[in-house]
Every structure is written in structure tokens, then in C-alpha cells.
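Here is what each chain is made of, one letter per residue.
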Amino acid sequence: MLQLGAEQSFHKNIASFQKTQSQVQASLKTAMASTVGVGDSGSGVIVSPDGLVLTAAHVSGAPNRNITCRLPDGKRVRARTLGNFDYMDAGMVQLEGEGPWPCSPIGNRRLNDAGDWCFALGHPGGFDLDRGSVLRLGVVIHARDGFIRTDCKLLRGDSGGPLFNLSGEVIGIHSRIGEPLDDNYHAPISAFGKMWDELLAGDTIPGPLIRRNRGVLGVSVETHSKGILLKEIRRGSAAEKAGLKRNDVIQSIDGFPIDDTFYLRWAISKNSPGVHINIQYLRGDKLSEITVELGQPTGRSERGGF
Amino acid sequence: MNAFPRLQNLFILLIVFLYAAFSAIHIAAAEPTYLNRADRLNGWKTLEKFEDLFQDHRGSVVEILDNDKQVALGTIVSDDGFIVTKASEFGQLLEIRLSDYSKHVAEQVSVDEANDLALLKIRASGLNPVDWSDACDPKMGQWVMSPHEDKSQVRIGVISALTRPVPKQFGALGVVTVDNADSLTESDLLEPNILADSINKGVRPIDRWIRNEISNDAKSALMSDLNDPVQQVPFLRFLLRDLNFMIFERILYREDRFEGVPLSVPTQQAILEVGSRIRRPVLNRMLLVDSFPGLIKAGESGARILDVVADSAAERASLEPGDLITAINASSVDGSQDLVRLIRKHTAGEMITISLVRDGRFLIESVTLGFFDTTFPDQDVNIALSGDISDRRTGFQKIIQHDMPLSPKAMGGPLMDLQGRVIGINIARYDRVATYALPADLVQILIQKMK
């Protein structure tokens, strides 16, 4: 009996792997058709019939430059770089010329869960017509701090290429790797969603200021299902003066939704001391909004705090 | 008496359950989920599900031993002892270890140089040959499995690119050379404002290379050199183009006594050829200038060796710093760029003759060219981030590409579908992303030819 049970679960396992395979293969045609080479040796993905390409900020570079993209059939297309959000490594490029272009749908804008299947396409080592774009299948290891980490192995040249869920929706853009094979990081599609209009308009979105120039709220935090939980309010800090309390949950700053400490860091630290920011927060079930004048950096290490 | 302990157990169970449920809720609310190593694609819990599939085929895989150390795997292709493996991984004397741990001396029947495949024979019978698959062109996204370096372990992945030929890579000599001024044109001289321009355009000179190898002092000195065109100290100009991280450097020297005599490698190709070895001269530029006085002679034709890369073809052929390379085979060499062009006409493993001048004497040396990637390993950042890769990783009639993270020592093992049928023989760990396998149909043809 036990033997039979084990065998059944084994076949169930393999059947689930085979299901994954057919989902990937069903999504692959559109995904491959929309994956392009960007610039001299980066990658990208077309996400609209009129030729909008998502890529990494470090691939597209400064806005409003002329670059060349390579379609899967090797054809070269002129393109113009749009906005650039360096902090999240999010960039956009507009293809020039007649559409409609083959494109992939964008996934829902929440971070993906650990254990979710995903697959990566791109041009590691540069565009190679005979090889085509290269598939990597893997799982999401975790999604936090503004990045998705997976075991889809990436290499230089992949930068800017798409990470898909099994439905063939773009859920991330390849950004960087570490030496261990499982250290592959992708900017989540939410990083683009938050700044979509600015990127489309060709803005260069500033990153956080260096430590001694940045405004400080004076809190330490942790991630919470509804936003960012204030764990501690430093005495005499800007947060205390404005009336923020322990266990308040920050939901947005200046209209920018905050669901990750990575975004909180940016929304605060891009401002100088003295700048006023609007914070929307939950206290219990009550949603309120206050204005905070950011304080001076204290000089001592603000590790884990903002 | 009996009911009480049972009740107590139930109570404890309830507490454990409640606690577990509570912690689960707590974790879900506060902590983003994180996937442990064991649950990832090639983690042990995932691989466990494939163990039974792989189990039946383990007997068809052997270890190739060179001096008692495993250098590769082999795949049994007949019950009377024929085995295929990757040819370039072993020397003359070799042994095979079967899955029952018995060791056998192997005779090398033949090698197909074009595909780096060797056919071996051991004296045995009743072996367990692999089942070949009939499908010759596997589709992208199809699951595959292979034995890992430790052949008791399996790895899984998918077919990840188009099946195609991979041409042989050009060879490498492994020298850093310098030119005289004649070969340098005005367009090779970069103005500092080009660098500034590039930075303004979003090209960032930020790279591992700078971070790791140039101290802050050296960097700011360098920047002031770059920003001050009138500075007449020996200065460097270089362009760092971050082409998706690829660095191209141009390095020029100028000093009164070397006016117009750059120790330069004026093209991108040349820089790829000299590879990372140029970094030392960058960092110790005064040292470099001082230690090679009179290095460049006016009117001299050829390429002067500045440095010989360790473990390279040049070192094996006893080339030395200071040698002037004047010709490759019968073609005369006109500067570093020309040297690169001439060397790249040849592939790794080819023998070339080099004419050179050493201390006024004319010499001719024969050199067997090495592999570019392994001669200049840190030139290509992609290789630096790939872990161990195969030496011979290009030059195959046709390969299937997959994304399994296999060690170079797992080459020679079978590439199988989930039914355990062999669709290829792993032949090269190419980089972090790719492993190549010779397709089953090609291997079967090669075996017939080699037998």
C-alpha cells in the first residue's frame, strides 16, 4: 500500500512538472517574438503594439538618445531611449517605425511569491541570430527590497531582458547577478508601474541622496502586509515632531505607494533636510495623512532606519 | 490508565498545532516568503522527485579517471564495453569506474577531433547501454535531466536555445605587446572630453574593475589627468565604455622622452587580445616606464612583448618579455593590431611559427595556440561569473543547448528526457547559462565511424 502511494505521488509530481513544461512552451512563442536586443549588448521586451520596450536603466542609459534594437529575426530597428529610473534599474525605449509590433502582456503589479515558477529570456553574451534568445526556467526565491530574486541564471547581455510567469506575462526585467548561480536579480514590473508616466515622458528620476545630504524621518521599520510598519520612533526626530507613533503603518508618501522598505528609502532619501513630505498612514483601521518636515542626518549610523 | 496519556498527547498536539498555525499567520503577515535552497529548481527536495526516473539509468554512466582522479563522465553505448566521453579532458592512461565501483583499464579506440568526442573500450560484458531517443530536434522548454559531477546526483533543466552548429573559437597566444608610434593614427588618440561626454550621455565608468583594482587616490589622480589636457606628466587617457558592462580601454602614454611614442594597444580587438594583463601597466605606470627604458626603437617593425601570460601558449613556447615578434608563419607583423589579426586567423590547437628577435638574434619558435577564454579568463566578465567551465567549449558540428548547472567534470554523461531516453551527450560547460550536448543522432553516426 505504502509503495503504491509513493508511486502515485511520484507520478503526480512528474505530471505537475510536465504541466509546467506545456505552460512554458505555450507561452514561449509570443515571449520569444517580443524579446529584443537593445543597444550594443543588452536585452529588452516589447510590451505594446506601438513598440514600447521595457529594459534596464543601465542598458537604455540617458533619455532621448538614438540606439538600435535587434528583432528576433536579426532585423535592426532604430529606437529612442525614454525615461530612466536608475535606483530601480528601470528604463524604457521606444521603437521607431511602423507597428504593430509583436508584444508580451504585462503581469499584475504585485510582487511574486517565493516558489512561483518563472522563466527568463534574453541575449546572454550579446545577440546571436543562430542561437536566438536563451530560455532559463526557474522559481522565484524571494521578492523584496525592490527586486525579484530567482534561480534563472543570467549573464551580461541579459540585462534588460524579460522575466515571465507561466502565462507569458512580463513580471520582471533582468538587472544584476552575484557570483553564486542562484543570485539573479530582476527589477519587478511594479518598479515600472509606479513610475510609468514619468518613464514614458522621458524623465530621469533621481535616486536617494548621499547619506550626509539626505533628509531623515527618524524611524526604524519593518515590512507589513499593509505597508511599512513603524517599529520605533527616535526621540526628537522629524517623525515624532509630526506626531507619528509606534505601530503606525505607512501606506504612501507624496502619493507614491510604499509596499517595500526599498521604496520607502527612496521616497524619503531623495529629499534634502527641510523638505516637506506627505505621509499617508494607518493607525489601527483609520487612514490619516500628515505633513512631515524632514530632519538633519544625525551623523551616527542610521542602519535600518530612515 | 490508557485514556489519560492519549488525552495528554492530544492536548500537546493541539498546542503544537495552535502554535504552528499562529506562527504561520505571524510569518505570513510580517515576513516576505523566502525559498530555501532545498526547494529551488536544483535543490534536493525538487531533485528527489526525479530520483526514481534517473535511478534505472545510473548503471549506464561511468566515471573517467585520470591518475585516479575523476576528470569526466562517460556513457556506455554497448553491452560489450564501448563508452563515449569528452576527449579533451584526459591524458594517455585512463581508467573507468563502473557504477559497481569496479575499475577497468580503458583503451582509446578513436577520437573525433571535430566534436571532441572519444570512443573508449573496456573488456567487459553484460553492461547496461543507454536507450537512444529517436527525437533529434528537441523543442525549447522540454525538461531534461543529466548526472552531475558526482554521478549519483541528478540535475534538471530545460532545452534552452536553438539546436545549431558552434564554430571553433580563434586561438590565443597569451602576450601583451607594445607598438611603435608609426602604427597609431590620430583617430586612436582620445580627447579627455570624449570621456566626459560619454559620462554625460549616461555611460558610467563604474565597474568592478575600477572598484576593485584602482584605489581612490589613484582614481582621482587619474580623473585629474583626464580632465587636464595640458598636463604633461606621463598621463593616461582612457575611455571606459560601459557597453552593458563590457569595458574597452584605451591607454596612451606621453612624456617628453616618449613623446609620440605610446605604449598603446590602439583597438578594441587588440585590447581583447592583451586582456586583463594591461591592468598592471595601468596601475604601475611609472614602474612600467622605468623598467623598460628604450623599449621602443624608432623605425622598428613588429610587436614587442611586454608581458607573457601565465599558463599560456606563449609561456609554453618560452617566449619572453622583450622579444620582438616580426612574423607569424610567413606574414610579417606590423604592430599589435596586426598581430591580433594574424593570430585570430587560427583556431585553438593549431600550430603556428613565430619569427622573433631576441637580443639581436633571430629565432623561430613553433607554438600551439591555446583557447582564448582560458588564456585570458578575467577578460570576459561573463566567464568570471560562470564558475568552472570546460576548456574546449567551441567547435562542434551541432549542439543542443540546455540550462542545467553542470560541472565540467560531468561532461561525457548522457542528456536524457524524462523517460530516460538519451537525446545527447554533454560535451561542454559553456558558461553560467549554458551547457552543450552533442545530439544523439550525431553521436550515433560518430560512433559508427569511430568503431
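Above this note sits the structure.
Residues numbered from 1 in each chain as written. Chains lettered and ligands numbered in written order. Predicted model: local features only at pLDDT ≥ 70, side-chain atom pairs only at ≥ 80, totals over all residues.

*Asks:* Mind laying out the overall build of chain A, listing which residues take part and the relevant values?
*Replies:* Helix and strand content of chain A: six helices and 19 strands. The C-alpha extent of chain A, read off along each of the three principal axes, is 65 × 60 × 35 Å. Out of the 306 residues in chain A, the part that is buried amounts to 47%. In chain A, 61% of the contacts between residues at least 6 apart in sequence involve partners at least 24 apart. (Helix = DSSP H or I, 4+ residues; strand = E, 2+ residues; numbered from the N terminus. Buried ≥ 20, exposed ≤ 12 C-beta atoms within 10 Å, placed from the backbone. Contact = placed C-beta atoms within 7 Å.)

*Asks:* Explain the sheet that holds strand E9 (residues 147-150) of chain A residue by residue, including any values.
*Replies:* Sheets are built from strands paired through backbone hydrogen bonds, the pairs being either parallel or antiparallel. Residue and element names in this part refer to chain A. Reading around the circumference, E7-E8-E9-E12-E11-E10 is the order of the six strands in this closed barrel, with antiparallel pairing throughout. When strand polarity is set aside, the average angle formed by the axes of neighbouring strands in this sheet is 45 degrees. With five bridges joining them, strand E11 (residues 170-177) and strand E12 (residues 184-188) adopt antiparallel strand pairing. Its bridge partner lying in E12, Ile173 is registered against Ala187. (Pairing = 2+ DSSP bridges. Axes fitted to C-alpha atoms, helices over the stretch in contact; angles between N-to-C directions.)

*Asks:* Give a detailed account of the interface of chain A and chain B, specifying residues and quantitative values.
*Replies:* Often, the extent of an interface is quoted as the loss of accessible area upon association of its parts. Opposite the 49 residues of chain A that make contact, chain B presents 39 residues. At the level of elements, helix H1 (2-34), strand E8 (136-144) and strand E14 (219-224) of chain A are the ones that each hand at least two residues to the side of chain A that touches chain B. When residues of the side of chain A that touches chain B are assigned to their parent elements, the largest contribution, nine residues, is made by E8(A). Each residue belonging to the side of chain A that touches chain B can be placed in one class, and the counts come to 19 nonpolar, 17 polar and 13 charged. (Nonpolar A, V, L, I, M, F, W, Y, C, P; charged D, E, K, R; others polar.)

*Asks:* Provide a residue-level description of the pairing of strand E19 (residues 396-402) of chain B, including the pertinent values.
*Replies:* Residues and elements named next belong to chain B. For E19, the buried fraction is high: five of the seven residues fall into the buried class. Looking at chain direction, strand E10 (residues 164-166) and E19 are connected through two bridges and run antiparallel. Pairing of Val166 across the sheet is with Phe396, part of E19. As paired elements, E19 and strand E22 (residues 435-439) share three bridges and run antiparallel to each other. The partner of Gln401 across the bridge, within E22, is Tyr436.

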